[in-house]
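Below are the chains, spelled out letter by letter.
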Amino acid sequence: MKVVGVIAGCVVLAFLALVGFAACAPQQSPTGASGACPAVVVPAGELPTGTVAGYSGDQLANAAQILAAGAALGLSSRDQTIGVMTAMGESSLHVIDYGDEAGPDSRGLFQQRANGAWGSYEDRMDPFTSATNFFRAMVGNVPDRDELPPTEVAHRTQRNADPNHYTRFWEPAVAVVAALGGGGTCVTGAGAPGGDGRQLAAALVAKIDAGKITGLSGPVLDQIRWAATGENAAECSIDVRVLQIITIAADTFDSVGISSINRYCTRTLAGAGTQSRHYTAGGGHAVDFYGFNGKATTGADTNAIILIRALDALLPPGSMIGQVQCRAAAGTSVTTTTATQFNDTCHHLHIDVDPKTTTLLGTGAPA
């Protein structure tokens, strides 16, 4: 492997309250499709206080430093997520001061060896520097990384024995990156799901049948089934963009629970009544999630914030997200660039789209 140097003269000023901005200009731009997904920068002071995909505390702080190193090099969010995935597979995101049987001299987040390629002992034990050296090796040794599975990119960079070793850490890495600062579907390269309403609904029906999507009442899931067949379309329609939102949620988590979609269909006047986007203009322009991964949501928990950040770059103008006061009361917050946040009860997460428009998620194009 070629010798990998350390960024000369790049100083991260006190890590600016644990990331927020890497204080040096980008050193290397990525190539290929992932360049469309900008680097994730963790907002200062916004590290999650709970557990994300089984990681917490110093593990999340170390993941934030990996993201900062990738941002300083001008890499994409996919590249950054590969770095987090690799460190999960090597050290469980801990800076460890010991190796293993295969590499007794391995150290740090990435278990880098004392062969000169990865810098000094101090370099390998420093999260930002060790991540910088990992990314520089990745850029130099895997120029076609955007066309390769993440585990293969990590394998070619690390030169470990098993090319599939990192596979199981990809989804947790995506969740951690989304919780720390964004990325969402951009990380996976998936973007907003395509297809018309029936196609999207049919795919969701398959997820319902597999147990990935549950409903608090039968009519909620029936509405998705009807959308797949065109049945009850006049009374119980679902905005195609709401189907996109549900698809993104179902692809982000192992399971999601839905409590409400079209209240015109059920003649339910909860919340804002006939003015609710669940009800107005024929209804079906909003969705309420009551849980993610088997856990109830308040709209302020880590899973809710993961979904909000995944949707933020995709939602069309005029969209709204509820529970802003729940997040404030819980000491959490999330900045949205398009959607307006509003107060709503703290036993679900409400997301809606403007019924007066037809702009699809992530495209700017009308439905």
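This text gives an overview of the structure that appears in the document. (Residues numbered from 1 in each chain as written. Predicted model: local features only at pLDDT ≥ 70, side-chain atom pairs only at ≥ 80, totals over all residues. Heavy atoms only, no water.)

1. Structural notes on the state of the cysteines
Here's step 1: Summed over all chains, the structure comprises two disulfides.
Here's step 2: The disulfide partner of C236 is C265, and the S-S distance across this bridge is 2.0 Å. Given an S-S torsion of about 75 degrees, the disulfide between C236 and C265 has right-handed geometry. Separated by 29 residues along the polypeptide, C236 in the loop between α10 (218-229) and α11 (240-252) and C265 in helix α12 (residues 263-266) bring together distant segments of the chain.
Here's step 3: Using a relative accessible area of 17% as the deciding quantity, one classes C265 as buried.
Here's step 4: Covalently, C326 is tied to C346 through a disulfide, its sulfur atoms 1.9 Å apart. With the S-S bond torsion at -90 degrees, the cross-link from C326 to C346 turns out left-handed. Of this pair, C326 sits in helix α14 (residues 324-330) while C346 sits in the loop between β6 (340-341) and β7 (349-352), and the two are 20 residues apart along the sequence.
Here's step 5: Note on C326: relative accessible area 5%, which makes it buried.
Here's step 6: C346 gets classed as partly exposed once you look at its relative accessible area, which sits at 37%. (Disulfide = S-S within 2.5 Å. Helix = DSSP H or I, 4+ residues; strand = E, 2+ residues; numbered from the N terminus. Buried < 20%, exposed > 50% of the residue type's maximum accessible area, 1.4 Å probe, protein only.)

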